[in-house]
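Examining the three-dimensional arrangement
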Amino acid sequence: MSKPESFPIDRIYVPVKRKKALKPELVHEIAESILEIGQQAPILVRPDESRFVLVEGLHRLEACKALGETTILGLLVSTETAHPKVLLADSVGVEAERDKMARLRRLRLEKQAAGRLAATAKVGEETGSPSQNAIGTNLKTPSSQSGRTAARTPGTLSEWLTHQKRDGGRY
């Protein structure tokens, strides 16, 4: 592994795609840490004609800029090693984000179903009718009556279970 060296900040190009991920509050925290203990982890850059392209370390770079530094510690990586790492990180991040969104969707659907079940059970208790009738009646309400237009509410328990299985939900 190569040894960290000092790079002029003004010669480091940050790709536009990376700039979009900038979080000012994180830059502030890192700047405070650099003031207290110094820069501990070097950034990664790759050569590109007369400049360097940032591979990793956007928040560290921005923190050093905010502190008025003219140089930053970094490691020079080759183009061949920089691209697979970036592509791998991007694909892992995208897959993790998809998994997270699927989990959140399942949890939201489960919460909605539990809320509807609790509400219909309460209605059944207040009217004195069996809660099964209240549940069946509530689930068979047309979407126009319930105020929903985008999603259709399952009419029966078996339809609800089918939707849950299809969407990967737990029941």
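A short tour of the structure in this document, coming up. These numbers were taken from a predicted model, which means no experiment stands behind them.

Now for the overall build of the protein chain. Of regular secondary structure, the protein chain possesses 7 helices and 5 strands. Counting from the amino terminus, the protein chain carries its helices and strands in the arrangement β-β-α-α-β-β-α-β-α-α-α-α. Summarising the internal contacts of the protein chain: among those between residues at least 6 apart in sequence, 71% fall at separations of at least 24. Total accessible area on the protein chain stands at roughly 12000 Å², and carbon and sulfur atoms take up 57% of it.

Here we take up the pattern of salt bridges. Working definition: two side chains of opposite charge can pair if their charged atoms are close together. Summed over all chains, the structure comprises 2 salt bridges. Here Arg51 makes a salt bridge to Asp48, at a shortest N to O gap of 3.2 Å. For Arg51, a relative accessible area of 34% puts it in the partly exposed group. Notably, a salt bridge pairs Glu62 with Lys65, separated by 3.4 Å at the nearest N-O pair. Residue Glu62 and its partner Lys65 are located together in helix H3 (residues 58-66), separated by 3 residues, close to a single helical turn.

Before going further, it helps to spend a moment on the sheet that holds strand S5 (residues 71-76). Sheet strands pair by backbone hydrogen bonding; their relative direction is either parallel or antiparallel. The mixed open sheet is built from 5 strands, whose spatial order is S1-S5-S3-S4-S2. The outermost strands of the open sheet, each flanked by one partner alone, are strand S1 (5-8) and strand S2 (12-13). When strand S3 (residues 43-48) meets S5, the two strands line up parallel, connected through 3 bridges. Across the sheet, Val45 pairs through a bridge with Leu76, a residue of S5. On top of the sheet, H3 reaches S2, S3, strand S4 (51-56) and S5; it is set at about 125 degrees to S4, its chief contact.

Attention shifts here to unusual backbone geometry. Negative phi is the rule for most residues except glycine; trans is the rule for most peptide bonds. Phi is positive for Glu49, which is not a glycine, with a value near 55 degrees. Mapping Glu49 onto the fold places it in the loop between S3 and S4. A residue is classified by how much of its surface remains accessible, and Glu49, at 83% relative accessible area, is exposed.

With 14 residues, helix H2 (residues 24-37) should cover 20 Å at 1.5 Å per step; its first-to-last C-alpha distance of 20 Å lies within 8% of that length. Taken together, the buried positions of H2 are Val27, Ala31 and Ile34. Buried residues in H2, looked at end-on, bunch into an arc of 65 degrees, giving them a common side. Facing away from the buried side of H2, by more than 90 degrees, are the exposed residues Glu25, Glu36 and Ile37. Residues of H2 that are buried make contact with H3.

What counts, and where the lines are drawn
- Residues numbered from 1 in each chain as written.
- Predicted model: local features only at pLDDT ≥ 70, side-chain atom pairs only at ≥ 80, totals over all residues.
- Heavy atoms only, no water.
- Helix = DSSP H or I, 4+ residues; strand = E, 2+ residues; numbered from the N terminus.
- Contact = heavy atoms within 4.5 Å.
- Areas by Shrake-Rupley, 256 points an atom, 1.4 Å probe, with all protein chains shown as cover.
- Salt bridge = Lys/Arg side-chain N within 4 Å of Asp/Glu carboxyl O.
- Buried < 20%, exposed > 50% of the residue type's maximum accessible area, 1.4 Å probe, protein only.
- Pairing = 2+ DSSP bridges.
- Axes fitted to C-alpha atoms, helices over the stretch in contact; angles between N-to-C directions.
- Expected span 1.5 Å × (residues − 1).
- Arc of directions from axis to C-beta.

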